[in-house]
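# A closer look at the structure
Residues per chain are reported as follows:
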2 protein chains.
Amino acid sequence: MGCQVPTLDKQQVTILAETFRLLGDPNRLRILMYCLPEPRAVGDIATHLELSQTLVSHHLRLLKGARLVRGERQAKHVFYELADEHVRDMLHDMVHHIAEEDAED
Amino acid sequence: MGCQVPTLDKQQVTILAETFRLLGDPNRLRILMYCLPEPRAVGDIATHLELSQTLVSHHLRLLKGARLVRGERQAKHVFYELADEHVRDMLHDMVHHIAEEDAED
DNA sequence: CAAATATATGAACAATTGTTCATATAATCA
DNA sequence: TGATTATATGAACAATTGTTCATATATTTG
């Protein structure tokens, strides 16, 4: 038999859901994916994804609040990157699973 | 160097985000988690999670639409279970990562 | 210092979404 | 068949959320 998923109580599930919710917006997810390979400046993200600077800032604030991302100031620029390896692995796993599901049609 | 996450285009990211969005609601996620160990009837889910039957049905319809869950009728009851092993693994991985992130505080 | 560049913040609005209520469909049993 | 149980559906509403606009803060450079 496979691994057991530990049972989470109502509150823990809500916390987990909160993370999923943040990943659930296309633009926010695109921002995360773009920051995956290397730290990116806000303006760079906005230009590359064709989003307004304001919108990118708002989204980054939410992602930062959930510790999915962290930003480091270098002179006039603030570079954002994934907060840690767990977030990176998490995205990797999800993309992997989604890709495999698509392939099975 | 670690594994590379394949670059997804705008549309693919949107599809991925759609899955995350569905997992982003606490009640929907609780329903999924409850169906993780074994197939569950709608009424059972509603009772156990203290949600209205209507609400559970609505959520199950969305989850089913995204192929996260599938239902099988047995007489008067419809039993829902996770659609496949990918969904199961996906949830497992996510819970795993979230749990580890919490533990690092 | 003022000007310029890069990012952040707050208010406001449109659109989406979770939930409820009322009701319909499906299946079983008397 | 009609009655009962289990689930599904549709409309309506309240609340949340993504986005924009205007403006503020921070950093560098003249």
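So, here is what we can say about the structure in this document. Only a predicted model underlies this, so the values are computations on that prediction, with no experimental measurement involved.

Attention now moves to the interface of chain B and chain A. Across the boundary between the two partners, chain B contributes 37 residues, which contact 37 residues of chain A. Surface buried jointly by chain B and chain A totals about 3700 Å² across both partners, of which 74% is contributed by carbon and sulfur atoms. Connecting chain B to chain A are zero salt bridges. Along the contact surface separating chain B from chain A lie two residue pairs in polar contact (both at pLDDT 80 or more). Elements with a contribution of two residues or more to the side of chain B that touches chain A: helix H1 (10-23), helix H2 (26-34) and helix H5 (85-103) of chain B. Among the elements that take part in the side of chain B that touches chain A, H5(B) stands out by supplying twelve residues, more than any other. Counted by class, the side of chain B that touches chain A contains 18 nonpolar, seven polar and twelve charged residues.

Residue and element names in this part refer to chain A. With antiparallel pairing, the three strands of this open sheet are ordered in space as E1-E3-E2. Where the open sheet ends on each side, the last strands, each with one partner, are strand E1 (40-41) and strand E2 (69-74). Sheet topology places E1 next to strand E3 (residues 77-82); two bridges connect them, and they run antiparallel. Each bridged residue has a counterpart across the sheet, and for Ala 41 the counterpart in E3 is Phe 79.

Looking now at the packing of aromatic side chains. By the definition in use, this model includes one aromatic pair over all chains. One cation-aromatic arrangement involves Arg40(A) over Tyr34(A); the distance from NZ or CZ to the ring centre is 3.9 Å.

What surrounds DNA strand D is a group of 24 residues, the closest being Asn27(A), Arg28(A), His59(A), Thr54(B) and Tyr80(B). Considering the 4 Å shell around the protein, atoms of DNA strand D inside it are sugar or phosphate in 64% of instances. Between DNA strand D and Arg21(A), the relevant distance is 3.2 Å, taken from a phosphate oxygen to a side-chain nitrogen or oxygen of the residue. Val78(B) is positioned with one of its backbone polar atoms (N or O) 3.4 Å from a phosphate oxygen of DNA strand D. Secondary-structure elements contributing two or more residues to the surface near DNA strand D are helix H2 (26-34) and helix H4 (53-65) of chain A together with helix H3 (42-49), helix H4 (53-65) and strand E3 (77-82) of chain B.

Bringing the relation of the copies chain B and chain A into the picture now. Taken as rigid bodies, chain B and chain A are interconverted by a rotation of 180° and an axial shift of 0.0 Å, the fit giving an RMSD of 0.0 Å. Interpreted geometrically, this transformation is the action of a two-fold axis.

Moving on, we come to the packing of H2(B) against H3(B). All names here are of chain B. H3 packs onto H2 with a crossing angle of 120° between their chain directions and a minimal axis gap of 11 Å. The two elements H2 and H3 cross, and the hand of that crossing is right-handed. Contacts between H2 and H3 involve Arg 30, Ile 31 and Tyr 34 on the former and, on the latter, Asp 44, Ile 45, His 48 and Leu 49. Here the residues of the contact of H2 with H3 are counted per class, giving four nonpolar, one polar and two charged.

Quick look at the protein's contact with DNA strand C now. The local shell around DNA strand C holds 24 residues, among which Thr54(A), Tyr80(A), Asn27(B), Arg28(B) and His59(B) are the closest. Looking at DNA strand C alone, sugar and phosphate atoms form 65% of those within 4 Å of the protein. At a separation of 3.3 Å, a phosphate oxygen of DNA strand C approaches a polar backbone atom of Val42(A). In this structure, a phosphate oxygen belonging to DNA strand C sits 2.6 Å away from a side-chain N or O atom of Asn27(B). Looking at the surface near DNA strand C, the elements with two or more residues in it are helix H3 (42-49), H4 and E3 of chain A together with H2 and H4 of chain B. Per-element tally for the surface near DNA strand C: the top contributor is H4(A), with five residues. Of the residues in the surface near DNA strand C, the class split is six nonpolar, eleven polar and seven charged.

Reading the values: rules and limits
Residues numbered from 1 in each chain as written. Chains lettered and ligands numbered in written order. Predicted model: local features only at pLDDT ≥ 70, side-chain atom pairs only at ≥ 80, totals over all residues. Heavy atoms only, no water. Contact = heavy atoms within 4.5 Å. Buried area = accessible area lost by both parts, 1.4 Å probe. Salt bridge = Lys/Arg side-chain N within 4 Å of Asp/Glu carboxyl O. Polar contact = N/O pair within 3.5 Å; in protein donor to acceptor, adjacent residues only side chain to side chain. Helix = DSSP H or I, 4+ residues; strand = E, 2+ residues; numbered from the N terminus. Nonpolar A, V, L, I, M, F, W, Y, C, P; charged D, E, K, R; others polar. Pairing = 2+ DSSP bridges. Phe/Tyr/Trp six-rings, centres within 6.5 Å; stacked < 30°, edge-to-face > 60°. Lys NZ or Arg CZ within 6 Å of the ring centre and 35° of its normal. Near = heavy atom within 4 Å. Least-squares fit on C-alpha atoms with pLDDT ≥ 70 in both. Axes fitted to C-alpha atoms, helices over the stretch in contact; angles between N-to-C directions. Left-handed = near helix turned anticlockwise from the far one by under 90°.

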